[in-house]
There are 2 protein chains.
Amino acid sequence: MFQLDPNASEPLVAQIVNGLTRCIRSRQWRPGSRAQSIREFARVQGISTSTVVEAYDRLVAAGLLTARRGAGFFVAEAGRADSRPPAQSRMDASAISTDWLLRDIYEQREGDIYAGCGWLPESWHDLEAVSKAMRHLALHPQGSIRYGHPKGFEPLRQQLTRQLADLEVEAPPAQILLTLGASQALDLIVRRLTQPGDTVFVDDPGYSNLLSALRLRGLNLVGVPMTPTGPDAAVLEALLEQHRPQLYLTNTQLHNPTGASYSAAAAFKVLRLAERHDFLVVEDNVSADLVPGRAFTLAGADQLKRVIYVGSFSKSIAPGLRVGFVAAEPGLLDELVYHKLVSGMSTPVINERLVHSISLEGHVRKHLEHLRNRLAKAQERTCRRLENAQFKLFFEPGAGMFVWARPADPSVDTQALAQAALARDILLAPGHLFRPDQAPSPWLRFNVAHCDNDRLFTFIEAASTARP
Amino acid sequence: MFQLDPNASEPLVAQIVNGLTRCIRSRQWRPGSRAQSIREFARVQGISTSTVVEAYDRLVAAGLLTARRGAGFFVAEAGRADSRPPAQSRMDASAISTDWLLRDIYEQREGDIYAGCGWLPESWHDLEAVSKAMRHLALHPQGSIRYGHPKGFEPLRQQLTRQLADLEVEAPPAQILLTLGASQALDLIVRRLTQPGDTVFVDDPGYSNLLSALRLRGLNLVGVPMTPTGPDAAVLEALLEQHRPQLYLTNTQLHNPTGASYSAAAAFKVLRLAERHDFLVVEDNVSADLVPGRAFTLAGADQLKRVIYVGSFSKSIAPGLRVGFVAAEPGLLDELVYHKLVSGMSTPVINERLVHSISLEGHVRKHLEHLRNRLAKAQERTCRRLENAQFKLFFEPGAGMFVWARPADPSVDTQALAQAALARDILLAPGHLFRPDQAPSPWLRFNVAHCDNDRLFTFIEAASTARP
């Protein structure tokens, strides 16, 4: 038996829980045997029964003790209490398929280099702001644990109305729907506006997760080539002679994966073609907060007539909170609300209140300024190191997370390169992941926030000069 | 101008924000005018510029001031700063369609009676436990704001493995997928396992939100009549002579809307028919935690071969956290993971950590015991009052939230009754909402946790005896 210390900083309940956990794990208390009764335990240790009750309750919750009505507590059978998860097996390195970014890269490990991933390091976000907002919410939790409003937490939608006004998009709170990140927004739009077999236009290269979702729905994907200033309008026009898309889903600012941003001219041409050929445009602008200065948006030009606008707090606050949104004309928005409710009910209020509370803090403006500067420096550094490693750049975005680059030798197999990297715990993102048809590509996506790493560039330099 | 009080308990920043908000709203500071500079404001008030910077930042975030680079701060134009949402219009009382429960009832208002709703009052949940878990998380936020593991927070899945073992379901953490409530779990299953035009069997009456989702997917719904001890096996067998369902989606314990629970015999018959006719069974057991004593589950009998098990923390902890789960055989589970990721990425870590932290607390066991007792009493009370109001009960569940009852006069139009109730701010749930084909029904669903109300029963008594 172990000795409790009433003067220790560790509370008595925790001392009991930890002590008994050791007794059970070391089989001093044998599986299936009856545990000391609460009353007896309290008497022997000279403590109150309520302390023991709480400790036993926790041990039951942890699966180490079981309570049998009227018979007391028993040490759980070994199998159950010791059930540890099987070791997570990393996907075989040969399986760098389109699904790879999804299935593997989320299982983040210390020491791995996430040069190809699509998010910022957690330490680049303002963790203290999140923590502060949580403490505040803990003081006023009322209203947070019931179902939220179908469209999402209203004060946050009011806040978004103001943010969108800065982008010249007029969207009252009733025309904004909060979603589980931008991904759910895109999913709801695609559910509502397409049927399997329909044709949709997408960026080529484009956002890999969206392309997977569209393929999964059985849509016919037609890629519109991206240039550093937006889609190639001449090609878009030619494609529209052959196809009648329902939608064109396009990422307008700091485009994933190339870093490209629409020029005003590109935006104007796309909108004119959308009118002439009668299709809707889904403007994915999830990196809006990373754009330095004022950006031109399709939704601002069109005022949500033909454009559906999708945004997110994943870049400005944190991806793990999973708060995104869609703004659309009222009729369509109500239909998206319905699709949201039947597929997952309301989104969690807590997350939306945290985001609201953080965005009300003046500090968020300073944090974003700092983040944009940090990314600009990382862009500069990464581009120089890629050039030193004999890589060609698609262009230099100068902002945002992404750089699109390829080995000077266009015959290098980037899929094989990524496989070789994975064996060294370096996660690269080969270009075929971002192609609508998953065709081979000499390009790779780099995330500059994860590229300040000598081991990465040692590998890249060796690889880009070696002959296969 | 207003006077700051350095000795007040309200921090200086808040005093400035509140004071200037009043100045701006009262138009003492006129829209479009230049605001006092930070330096000047600080000098006049005799406070540090950093205090003023923080206050101005918050006013910018709130849309009351705008910052123009190099030119200082300006009072926002009236339209933007005053943009209030349009008053929420309650749906017209004539529109009690299947969508009504979804679209309207979430917009909860003080004073309304939610006799027909599907959730517990927020005050019946352990708000203090949520608050405590939030405070704890605020101290250790690391790892909470990045994307979570594709299958969800691993310690919570380990915890679920132990909970499921208590239901005799053997499901290692790798076979459990956390979802945005049970709704997302059901949605992913339906996406993966059905195509538009397929036939699926459902409970009749059944869970209205699920029925809406299935209709939206273009599925052919065949209802299996529920009895107080589970589905009518003879009818199920007869229906299987005519139809080949992909799935049978059924709510096995404290069934929504009738309160029925499967007997062991009903479970055995359903499983035998599933084997013989080769269909999968989706066991929706979201009320498992409200079942007093040990319950029989399909998944426990079948060990996840033909059964897919769906659960939730909405009843035991809180619906607003939106944490549910699905347990399935490994191959299918991996496919559900993929559908989850492409349609919405990972689920938010914060919510899953809160649920985990609350379920580790021994107190959750006591809370559930208290909740079950409270519901049992509310069941008894509601059943007696319904009988006094000349209502017939389908049967007395004695546990859980739901009672299924109808006016003694079967010719009463329950849809009209619900419309009349809505005009008095009483939300009833007429039976057609729970029919696969939305056919008229003499029944209504009552949620006993919302029924301890004289105004409700005054209305019901008058309505059930009045002739239309």
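Residues numbered from 1 in each chain as written. Chains lettered and ligands numbered in written order. Predicted model: local features only at pLDDT ≥ 70, side-chain atom pairs only at ≥ 80, totals over all residues. Heavy atoms only, no water.

K.L.:
How should the domain arrangement of chain A be read in this particular structure?
P.N.:
Interface size is often expressed as the accessible area that is lost when the parts come together. By the assigned domains, chain A splits into domain 1 (12–80), domain 2 (98–116 + 366–465) and domain 3 (127–359). One C-alpha centre belongs to domain 1 of chain A, the other to domain 3 of chain A, and the line joining them spans 51 Å. (Domains from an automatic or database assignment.)

K.L.:
How do you make sense of the interface of chain B and chain A when you look at a structure like this?
P.N.:
Taken together, the contact between chain B and chain A spans 89 residues of the former and 90 residues of the latter. Between chain B and chain A, roughly 8,200 Å² of surface is buried when both sides are summed, and carbon and sulfur atoms account for 60% of that area. At the junction of chain B and chain A, the tally comes to two salt bridges. With its nearest N and O atoms 2.5 Å apart, the salt bridge here joins Asp-187 of chain B to Arg-191 of chain A. Broken down by class, the residue content of the side of chain B that touches chain A amounts to 39 nonpolar, 29 polar and 21 charged. (Contact = heavy atoms within 4.5 Å. Buried area = accessible area lost by both parts, 1.4 Å probe. Salt bridge = Lys/Arg side-chain N within 4 Å of Asp/Glu carboxyl O. Nonpolar A, V, L, I, M, F, W, Y, C, P; charged D, E, K, R; others polar.)

K.L.:
Could you clarify how one ought to interpret the packing of helix H8 (residues 181–193) of chain A against helix H13 (residues 330–344) of chain A in this entry?
P.N.:
Residue and element names in this part refer to chain A. Look at H8 against H13: their axes get within 9 Å of each other, and the N-to-C directions meet at 110°. Classified by the angle their axes make, H8 and H13 are roughly perpendicular. In contact with Gln-184, Leu-188, Ile-189, Arg-191, Arg-192 and Leu-193 of H8, H13 contributes Leu-332, Glu-335, Leu-336, His-339, Lys-340 and Ser-343. When grouped by side-chain class, the residues that make up the contact of H8 with H13 number five nonpolar, three polar and four charged. (Axes fitted to C-alpha atoms, helices over the stretch in contact; angles between N-to-C directions. Helix = DSSP H or I, 4+ residues; strand = E, 2+ residues; numbered from the N terminus. Parallel < 35°, antiparallel > 145°, perpendicular 65-115°, else oblique.)

K.L.:
Would you mind showing me how to read the environment of Leu-4 of chain A here?
P.N.:
All names here are of chain A. By secondary structure assignment, the location of Leu-4 is in the segment before helix H1 (12–25). Separated by 25 residues in the primary sequence, Leu-4 and Trp-29 place their C-alpha atoms 17 Å from one another. Excluding anything up to four places from it in sequence, Leu-4 contacts Leu-12, Gln-15, Ile-16, Gln-45 and Ile-47.

K.L.:
How should the packing of helix H7 (residues 154–166) of chain A against helix H14 (residues 349–360) of chain A be read in this particular structure?
P.N.:
Between two packed helices, what matters for the description is the angle formed by their axes and the separation of those axes. Residues and elements named next belong to chain A. The N-to-C vectors of H7 and H14 enclose an angle of 45°; their axes lie 9 Å apart at closest approach. By the angle between their axes, H7 is oblique relative to H14. The two elements H7 and H14 meet at a crossing, and its hand is left-handed. On H14, the residues touching Pro-155, Leu-156, Gln-159 and Gln-163 of H7 are Glu-352, Val-355, His-356, Ser-359 and Leu-360. Tallied by class, the residues present in the contact of H7 with H14 amount to four nonpolar, four polar and one charged. (Left-handed = near helix turned anticlockwise from the far one by under 90°.)

K.L.:
Before we go on, may I ask you to explain the sheet that holds strand S3 (residues 176–180) of chain B in this structure?
P.N.:
Pairing between the strands of a sheet comes from backbone hydrogen bonds, and it takes one of two forms, parallel or antiparallel. Residue and element names in this part refer to chain B. The strand order across the open sheet built from eight strands is S3-S10-S9-S8-S7-S4-S5-S6, with neighbouring strands paired in mixed fashion. The sheet terminates laterally at S3 and strand S6 (230–231), the two strands that pair on one side only. As paired strands, strand S4 (residues 199–204) and strand S5 (residues 220–227) are joined by six bridges and run parallel to one another. Bridging across to S5, Val-202 finds its partner in Gly-223. In the packing of helix H7 (residues 154–166) onto the sheet, contacts are made with S3, strand S9 (307–312) and strand S10 (323–327), and the angle to S3 comes to roughly 110°. (Pairing = 2+ DSSP bridges.)

K.L.:
In this structure, what is going on with the sheet that holds strand S13 (residues 429–430) of chain A? I would like to understand it.
P.N.:
Residues and elements named next belong to chain A. Strand order in the open sheet formed by four strands is S11-S12-S14-S13, with antiparallel pairing between adjacent strands. Strands at the two margins of the open sheet, each flanked by one partner only, are strand S11 (391–393) and S13. Direction of pairing for S13 relative to strand S14 (residues 444–447): antiparallel, over a ladder of two bridges. By the bridge assignment, Ala-429 is partnered in S14 with Arg-445.

K.L.:
Looking at this structure, I do not really get the pattern of salt bridges. What am I missing?
P.N.:
Here the idea is simple: oppositely charged side chains can pair when their charged atoms come close. Scanning all chains against the criterion turns up 34 salt bridges over all chains. A salt bridge links Glu-380 of chain B to Arg-384 of chain B; the nearest nitrogen and oxygen atoms lie 3.1 Å apart. Of this pair, Glu-380 of chain B and Arg-384 of chain B both sit in helix H15 (residues 363–388), four residues apart, which is roughly one turn of the helix. Taken together, the salt bridges that share partners define one network made up of Asp-187 and Arg-191 of chain A together with Asp-187 and Arg-191 of chain B.

K.L.:
Would you mind going over the relation of the copies chain B and chain A with me for this structure?
P.N.:
These two copies of the chain differ by a rotation about an axis and a displacement along the same axis. For the pair chain B and chain A, the relating rotation is 180°, the translation along its axis is 0.1 Å, and the fit reaches an RMSD of 0.1 Å. When the rotation and shift are considered jointly, the pair of chain copies conforms to a two-fold rotation axis. Using C-alpha coordinates, one finds that chain B approaches the rotation axis most closely at Arg-135 of chain B, a distance of 2.8 Å. A shared binding surface is used by both copies, with 99% of the interface residues of chain B retained as interface residues in chain A. (Least-squares fit on C-alpha atoms with pLDDT ≥ 70 in both.)

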